[in-house]
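What follows is the residue order along each chain.
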Amino acid sequence: MADVVDFQTVSTEGLESSPVAEALAGLRANEARYFKNKYDYVFTVEPADEAKSVVDWVSGILADERDIVISSRPLEATTFVVEGIRIAYVFYESGLSINVMYTIEDASKRAVGFKLSEGMDVPAELDSFKFARQKSKLAGTIRGSYFVIKGEYDPNGV
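Heads up: these notes are all about the structure in this document. No experiment lies behind these values; they were computed from the predicted model shown. (Residues numbered from 1 in each chain as written. Predicted model: local features only at pLDDT ≥ 70, side-chain atom pairs only at ≥ 80, totals over all residues. Heavy atoms only, no water.)

### Brief notes about a negative patch on the surface
Worth spelling out the cut-off: The patches described consist of residues with a relative accessible area above 30% and no salt bridge, like charges being joined within 9 Å and nonpolar side chains (Val, Leu, Ile, Met, Phe, Trp, Tyr) within 5 Å. In these tables, accessible area is a Shrake-Rupley quantity obtained with a 1.4 Å probe, and a residue counts as shielded only by the protein chains included in the view. Criterion for a salt bridge: a side-chain nitrogen of Lys or Arg within 4 Å of a carboxyl oxygen of Asp or Glu. Positive charges come from Lys and Arg alone, negative charges from Asp and Glu alone, with His and the N- and C-terminal ends not counted. In plain terms, the charge of a residue is placed at NZ if it is Lys, CZ if Arg, CG if Asp and CD if Glu. The numbering of helices and of strands both runs from the N terminus, where a helix is a DSSP run of H or I of at least 4 residues and a strand a run of E of at least 2.
Taken together, the side chains of Asp3, Glu13, Glu16, Asp49 and Glu50 define an acidic patch exposed on the protein surface. With respect to the secondary-structure elements, Glu50 resides in the loop between β2 (44-47) and α2 (52-66).

### So, unusual backbone geometry
With a phi close to 55°, Asp40 is a non-glycine residue in the positive phi region. Counting through the fold element by element, Asp40 comes out in the loop between α1 (21-39) and β2. The phi torsion at Glu83 lies on the positive side, around 45°, for a residue other than glycine. If you trace the backbone, Glu83 turns up in the loop between β3 (74-82) and β4 (85-92).

### Examining the packing of aromatic side chains
Each aromatic ring pair is characterised by the separation of its centres together with the angle its planes make. The cut-off we apply is this: Pairing of aromatic side chains requires ring centres within 6.5 Å, counting the rings of Phe and Tyr and the six-membered ring of Trp. Pairs whose planes differ by under 30 degrees are stacked, by over 60 edge-to-face, and all others tilted. Throughout, exposure labels follow a simple rule: accessible area from a 1.4 Å probe, protein chains only, divided by the maximum for the residue type, with under 20% read as buried, over 50% as exposed, and the rest as partly exposed. We call a charge positioned over a ring when the NZ of a Lys or the CZ of an Arg lies within 6 Å of the ring centre and within 35 degrees of the ring normal.
In total, this model carries 15 aromatic pairs according to the counting rule given. Taking the centre distance of 5.0 Å and the plane angle of 90° together, the rings of Tyr34 and Phe35 count as edge-to-face. With relative accessibility at 41%, the residue Tyr34 sits in the partly exposed group. Aromatic pair Phe43 and Tyr89: ring centres 5.2 Å apart, planes at 80°, arrangement edge-to-face. Taken together, the positions of Phe43 in the loop between α1 and β2 and Tyr89 in strand β4 put the pair 46 residues apart, joining distant regions of the chain. Each member of the pair Phe43 and Tyr89 is classed as buried. In textbook terms, an aromatic cluster arises when at least three aromatic residues are bridged by ring pairs, as seen for Tyr34, Phe35, Tyr39, Tyr41, Phe43, Phe80, Tyr89 and Phe91. The ring of Tyr102 carries Arg110 above its face, with NZ or CZ at 3.9 Å from the centroid.

Right under this line is the structure:
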């Protein structure tokens with residue numbers, strides 16, 4: 001069952017095993033606030049073992065596009081469609097958040113984004129990326145990077 005992410009009262013529920021649980025919860029809440037403000041979408045998440053198709057879709061894109069395998073355990077995941085864009089998120093125990101933005105009708109906006117929670121080191125598998133800093137009232141300092149998806153991946157398969 002999906003849980004609504006409350007960005008008014010930030011909770012670490014589902015993320016307790018992360019060494020940066022509070023920062024990761026703030027990052028998750030930051031994403032929820034963004035989608036509520038931009039698309040009027042209520043952001044929900046499921047435990048990763050209940051959203052295996054989402055985790056597998058994101059992992060497949062990472063492996064195919066950049067030979068990246070995330071070593072951290074996925075804790076939560078979600079996928080939804082807003083304005084013709086398939087959005088997928090996976091939140092990892094290390095404090096990493098990965099999102100995929102995949103336009104369904106055309107290939108104009110397809111990318112993978114990485115966000116690092118405050119207090120976590122850059123994972124070895126992402127050390128070739130440069131990370132920009134962003135301040136968030138909910139998440140502190142977020143470091144982010146991305147790459148453009150070049151291949152085709154079935155957005156309806158998740």
